[in-house]
Amino acid sequence: MDELLSSLSEQIFGVWFLIGAALVFWMQAGFAMVECGFARAKNAGNIIMKNLMDFCIGTVVFILIGFGLFLGEDALGGFLGLPTLGIFTDYESFDWSNFVFNLVFCATTATIVSGAMAERTKFKSYCIYSAVISAVIYPIEAHWTWGGGWLARMGFHDFAGSNCIHMVGGISALIGAAMLGPRIGKFVRDAGGKVTKVNAFPGHNIPLGALGVFILWFGWYGFNGAAATDIGQLGTIFASTTIAPAVATVVCMIVTWIKYGKPDVSMCLNASLAGLVAITASCDSVDALGASVIGAVAGALVIFAVWLLDNKLRVDDPVGAVAVHMFNGIWGTAAVGLFSVDTVPGYAIADSAGARMTGLFYGGGFRLLGVQLAGMLATAAWTAVTITATFFIIKKTVGLRASEEEELTGLDSTEHGLASAYSGFSIMDVTGTIMQENENTDLGVRDYDAASPAVRNAAVKVDAARAAPEFDTGMHKVVIIAKLSRYDHLKKAMNDLGVTGMTVTQVMGCGIQKGAGDRYRGVEVDTTLLPKIKVEVVVSKIPVDRVIDAAKRALYTGHIGDGKIFVYNVGKVVKIRTGEEDYAALQDVE
């Protein structure tokens, strides 16, 4: 009977092992939704394509080389496994469950990097470095811990990947984002190159990002729990995988509420993921108190990391991948050496002699912590060297970054011929729309109390005869239709003239030209609606000829589609706040 029950349990957990692998694969959808929701709409299709291809490309290279380097016969003193094509030659006895399980984990590492480098990376460059991560970088360092390599022999513990997956992906993301540079307009610099302002680029669809977080949290029960071997251990893992992210999110909500005056939605979504990353290494070895502390630190750490990247390191990470995965991967790996307790079911952390090791705060001393730090530093060094070399070679050969025009127009259109991922919807993707005061700015009278009584008490009357004058009133409305990619140039030109306000609308337009002959699902699109920017300004003191000349200089490229400028006489202007009319109404900031 005992043998029967043991066999039945083994079969059940064998099936659960594959269900867990399927849950981890489902996390690809979560990563895609988070990255897409936190980025701008003009890059949504590109992001979906990247998240699809990193798994598909990763599968191909993992079959050919990655699986052997990871789980092949141990070589070079535990440094790597020997490459094998047993998947093709030993079909009958090949360990298919192990292959599929480790394949879906491998794909996760490359996906992390995508978010930090979003919105300005060449698609072909992404495909190359994604392949390198899945073929070489991840399999070798994962072999050290999970393939019987040298870290495993030391007693290094990373149950589900805080170190091997999340820290490695986070370090790769940090180095990639730093080498790539920030998105255009993220950091405002003065003439000396010093950053004077950090601009926020809000995600275009926070509900989509939230859906991604819920998908990831759900998938994380498979990510952490798939390798469990009995129900007691599985229950412990599920509990810690629930407690840590929940505590992290609550802590983040409280901290952002105090720090910013309101609880920050996107930061709390990041905090949930941070708590999940932090508990991943120790999900099988900590109790509820340990999981709570790990989550609490993760919730505060992600806020600090986002601030550090923006305000000190000047690294542009659109989705918070570095803050979530690198910082909390490091924290989670170290936390094993602090909070591991041998009273949890299925505890298995031991040194090479089989002696159990426990965390510092549970009477185990510094031994396990030392092993964890040594393993973490070795993995970080390997990752930093190999990914830096990879990005350097790509940058010097095919190039890493999209061109300025491609970035401003959007990678959906320029990389994939997709006019919009939201066909039929009105999309506004303009950022950095604040005008800056300078020596040409005339702000007029700001304070209503400083205006004359006659102005304050004036009735708002519109003379119908003057509403459509036949003569030049000296007030002009200038409407400019131009390429979206030239918006920053136009805004600066208007700002330098002393224009204090603009009305900006993103529109779609087409002319007699058919454009680039884009195709949708293989069928040529007859008329491509191209993203345009519509800018409206009303001027009186500034000569309209200067506005036209500045706009022409800013927008000219010499190619079809540079745009057009329309000039209208303005018959009447009334400022609602003060009652001022015509010329006086245009001398203030609205």
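Please refer to the structure higher up on the page.
What comes next is a walk through the structure. Everything quoted here is computed from the prediction, not taken from an experiment.

Attention now moves to the overall build of the chain. Across its full length, the chain carries 20 helices and 10 strands. Within the chain, residue pairs in contact and separated by at least 24 positions form 76% of the contacts whose partners lie at least 6 positions apart. For the chain, the exposed area adds up to about 26100 Å²; of that, 63% sits on carbon and sulfur atoms.

Two numbers describe how helix H5 (residues 123–146) lies on helix H13 (residues 367–396): the axes approach to 10 Å, and their chain directions differ by 160 degrees. The angle between the axes of H5 and H13 places the two elements in the roughly antiparallel class. Viewed along their axes, H5 and H13 form a crossing whose handedness is right-handed. Taking contact as the criterion, the partners of Ser125, Ile128, Tyr129, Val132, Ile133, Val136, Ile137, Ile140, Glu141 and Trp144 in H5 are, on H13, Ala378, Thr379, Trp382, Thr386, Ile387, Thr390, Phe391 and Ile394. The class makeup of the residues in the contact of H5 with H13 is 13 nonpolar, 4 polar and 1 charged.

Bringing the side chain of Gln28 into the picture now. Looking at the secondary structure, you find Gln28 in helix H1 (residues 2–38). We classify Gln28 as buried; its relative accessible area is 8%. For Gln28, the residues in contact, after removing those within four places along its chain, are Asn51, Asp54, Phe55, Ala107, Thr108 and Thr111.

Attention now moves to the packing of aromatic side chains. On inspection of all chains with the given rule, the structure shows 26 aromatic pairs. Where Phe25 meets Phe55, the ring centres are 4.8 Å apart and the plane angle is 65 degrees; that geometry is what we call edge-to-face. Separated by 30 residues along the polypeptide, Phe25 in helix H1 and Phe55 in helix H2 (residues 44–71) bring together distant segments of the chain. A relative accessible area of 17% places Phe55 in the buried class. An angle of 85 degrees between the planes, with centres 6.5 Å apart, marks the rings of Trp96 and Phe99 as edge-to-face. Within this pair, Trp96 and its partner Phe99 are both found in helix H4 (residues 96–116), separated by 3 residues, close to a single helical turn. We classify Trp96 as partly exposed; its relative accessible area is 29%. Under the relative-accessibility criterion, Phe99 is labelled buried at 6%. Taken together, the ring pairs connect Phe17, Phe101, Phe105, Trp146, Trp220 and Phe223 into an aromatic cluster. Over the aromatic face of Tyr126 sits the side chain of Lys50, whose NZ or CZ is 5.2 Å from the ring centroid. The ring of Phe201 is capped by Lys186, whose NZ or CZ atom sits 5.9 Å from the centre of that ring.

A regular strand places its side chains on the two faces of the sheet in alternate fashion. Counting buried positions along strand S9 (residues 530–539) gives 7 out of 10 residues, so the element sits mostly inside the fold. In this structure, strand S5 (residues 476–483) lies alongside S9, joined through 8 bridges in antiparallel fashion. Bridge pairing links Ala482 to Ile533 in S9. With 7 bridges joining them, strand S6 (residues 503–509) and S9 adopt antiparallel strand pairing. Its bridge partner lying in S9, Thr503 is registered against Glu536.

Before going further, it helps to examine the packing of helix H9 (residues 231–260) against helix H11 (residues 288–313). At a minimum axis separation of 7 Å, H9 and H11 run at an interaxial angle of 40 degrees. On the basis of the axis angle, H9 is oblique to H11. Read as a crossing pair, H9 and H11 show a hand that is right-handed. Along the contact surface, H9 presents Ser240, Ile243, Ala244, Val247, Ala248, Val251, Cys252, Val255, Thr256 and Tyr260, while H11 presents Ala288, Ala291, Ser292, Gly295, Ala296, Ala298, Gly299, Ala300 and Ile303. Within the contact of H9 with H11, the residues separate by chemical class into 14 nonpolar, 5 polar and no charged.

Our next topic: a nonpolar patch on the surface. On the surface, a cluster of nonpolar side chains totalling about 520 Å² of accessible area is made up of Val60, Leu64, Ile65, Leu85, Phe88 and Val136. Ranked by the residues each element gives to the nonpolar patch, the list is headed by H2, at 3 residues. Structurally, the position occupied by Ile65 is in helix H2.

Moving on, we come to the pattern of salt bridges. Summed over the entire model, instances satisfying the criterion amount to 15 salt bridges. Close ionic contact of Glu35 with Lys50 constitutes a salt bridge, the shortest N to O distance being 3.4 Å. Of the two residues, Glu35 is situated in helix H1 and Lys50 in helix H2; the sequence distance between them amounts to 15 residues. Salt bridges here are not isolated pairs; linked through shared partners, they connect Arg40, Glu119, Arg183 and Asp316.

Picture the strands of a sheet paired through backbone hydrogen bonds; they go either parallel or antiparallel. Pairing within the open sheet is antiparallel, and its 4 strands lie in the order S6-S9-S5-S10. Single-partner strands in this sheet number two, and they are S6 and strand S10 (563–569). Taken pair by pair, the neighbouring strands of this sheet meet at an average axis angle of 20 degrees, ignoring direction. The strands that helix H18 (residues 487–497) touches are S5, S6 and S9; relative to S9, the one it contacts most, it runs at about 10 degrees. Where helix H19 (residues 544–555) meets the sheet, it contacts S5, S9 and S10, and its direction lies at approximately 5 degrees from that of S5.

Reading the values: the criteria
The residue count restarts for each chain, going from 1 along the sequence in the order it is written. Given that this is a predicted model, residues contribute local features only at a pLDDT of at least 70 and side-chain atom pairs are listed and counted only at 80 or more, while totals for whole chains, interfaces and linings are drawn from all residues. For the side-chain quantities, the full set of heavy atoms in the structure was used; hydrogens and water were omitted. Put simply, DSSP marks the helices as runs of H or I at least four residues long and the strands as runs of E at least two long, and each gets a number from the N terminus on. Residue contacts follow a heavy-atom distance rule, with two residues in contact if any of their heavy atoms lie within 4.5 Å. Where accessible areas are quoted, they stem from the Shrake-Rupley method and a 1.4 Å probe; at the residue level, only the protein chains shown are allowed to cover. Orientation is described by axes fitted as lines to C-alpha atoms, over the contacting stretch for helices, and by angles from 0 to 180 degrees between their N-to-C directions. Roughly parallel covers angles under 35 degrees, roughly antiparallel covers those over 145, roughly perpendicular covers 65 to 115, and oblique covers all other angles. Crossing handedness: left-handed means the near helix sits turned counterclockwise from the far one by under a right angle, and right-handed means the same turn made clockwise. Three classes are used, and their members are as follows: Ala, Val, Leu, Ile, Met, Phe, Trp, Tyr, Cys and Pro are nonpolar, Asp, Glu, Lys and Arg are charged, and the others, Gly among them, are polar. We call a residue buried when its accessible area falls under 20% of the maximum for its residue type, exposed when it is over 50%, and partly exposed in between, using a 1.4 Å probe and counting protein chains only. Planes of paired rings set the category: under 30 degrees apart is stacked, over 60 is edge-to-face and the rest tilted, where pairs are Phe, Tyr or Trp rings (Trp by its six-membered ring) whose centres lie within 6.5 Å. Any Lys NZ or Arg CZ found within 6 Å of a ring centre and within 35 degrees of that ring's normal is scored as a charge over the ring. When DSSP locates at least two bridges between a pair of strands, those strands are taken to pair. Residues qualify for a patch when their relative accessible area is over 30% and they have no salt bridge, like charges being joined within 9 Å and the nonpolar side chains of Val, Leu, Ile, Met, Phe, Trp and Tyr within 5 Å. What makes a salt bridge here is a side-chain nitrogen of Lys or Arg within 4 Å of a carboxyl oxygen of Asp or Glu, nothing more.

So yeah, pure geometry; function would need other evidence.
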